[in-house]
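Fold and geometry: a report
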Amino acid sequence: MIKTRIAILVSGRGSNMQNLVQTCEQHLPSVEIVLVASNKPCAGIDFAAAHGLPTAIVDPQTHNSRQAQETALAKTIETAAADWIFLAGYMAVLSADFVGRFAGRILNIHPSLLPAFKGLNTHQRALDAGVSLHGASVHIVTAALDDGPIILQAGLKINEYE
């Protein structure tokens with residue numbers, strides 16, 4: 001069986017990555033997680049290492065420019081021979097050059113119903129805006145922030161509590 005090889009990029013506790021790992025282990029034997037990478041030490045990397053997954057930290061502070069850090073990250077992903085890259089709470093904006101290098105092969109899990117609430121603090125912004133529906137989107141990453149073709153969305157009604 002030919003396996004689909006994925007790299008997952010995280011920056012925090014890695015809850016989305018943990019769900020991806022568990023789903024792949026339990027339901028997707030044709031998917032192999034070949035790398036979990038981060039731009040800093042974090043709980044997500046600790047979880048991945050504890051589960052025997054290959055990990056890497058490509059810290060911007062150890063490189064002399066954003067371009068150098070992204071080049072190192074790209075080489076790490078290419079060395080792992082990932083077919084797809086999943087951004088699962090990766091809290092860094094990727095340059096157009098990086099996105100172009102992996103065009104059509106980067107997916108982002110974004111915590112809003114795009115195109116609404118691009119960027120950060122989506123839950124609070126949805127509450128502040130008084131919307132009745134909020135959720136999450138999975139989309140193909142393009143050079144524009146939280147843009148690109150949407151693959152899947154799931155929404156939940158927001159209820160008022162006093």
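If you're wondering where the values come from, they're calculated on a predicted model, not measured in any experiment.

1. A few points about the pairing of strand 4 (residues 84–87)
- With four bridges joining them, strand 1 (residues 4–10) and strand 4 adopt parallel strand pairing. Paired with Ile 8 across the bridge in strand 4 is Phe 86.
- Note: strand 4 against strand 5 (residues 106–110), three bridges, orientation parallel. What sits directly across from Ile 85, in strand 5, is Ile 106.
- You can see the chain leave strand 4, run along helix 4 (residues 96–101) and come back into strand 5, and the turn it takes is right-handed.

2. Quick word on helix 2 (residues 43–50)
- Among all positions of helix 2, only Gly 44, Ile 45, Phe 47 and Ala 48 are buried. Looking down the long axis of helix 2, one finds its buried residues gathered within 160 degrees of arc, a one-sided arrangement. Exposed and facing more than 90 degrees away from the buried side of helix 2 are Asp 46 and Ala 50.
- Residues of helix 2 that are buried sit in contact with strand 1, helix 1 (15–27), strand 2 (31–38) and strand 3 (55–57).
- Gly 52 sits one or two positions beyond helix 2 and adopts a positive phi of about 75 degrees.

3. Things to note about the nonpolar core
- Within the largest apolar cluster, 21 residues are counted, with the highest numbers of intra-cluster contacts made by Leu 9, Leu 73, Ile 77, Leu 87 and Phe 98.
- Of all the secondary structure elements, the ones that give two or more residues to this core are strand 1, strand 2, helix 3 (66–79), strand 4 and helix 4.
- Leave out the neighbours within four places in its chain, and Leu 73 touches Leu 9, Ala 37, Val 58, Tyr 90 and Phe 98.
- One finds Ile 8, Val 36, Ile 45 and Ala 88 within the second-largest nonpolar core, a separate group that totals 18 residues.

4. Focus on unusual backbone geometry
- With an omega dihedral of 15 degrees, the bond running from Leu 114 to Pro 115 counts as a cis peptide bond.
- As for its placement among the helices and strands, Pro 115 is situated in the loop between strand 5 and helix 5 (122–129).
- Phi angles above zero are rare outside glycine, and Ala 81 is one such case at about 55 degrees.
- Summarising the element assignment, Ala 81 is placed in the loop between helix 3 and strand 4.
- By relative accessible area, which is 39% here, Ala 81 ends up partly exposed.
- Positioned with a positive phi, Phe 117 is a non-glycine residue whose angle comes to about 60 degrees.

Here is what the cut-offs are and how they apply
Residues numbered from 1 in each chain as written. Predicted model: local features only at pLDDT ≥ 70, side-chain atom pairs only at ≥ 80, totals over all residues. Heavy atoms only, no water. Pairing = 2+ DSSP bridges. Helix = DSSP H or I, 4+ residues; strand = E, 2+ residues; numbered from the N terminus. Right-handed = clockwise from strand over helix to strand, strands pointing away. Buried < 20%, exposed > 50% of the residue type's maximum accessible area, 1.4 Å probe, protein only. Arc of directions from axis to C-beta. Contact = heavy atoms within 4.5 Å. Core = buried A, V, L, I, M, F, W, Y, C linked by side-chain atoms within 4.5 Å.

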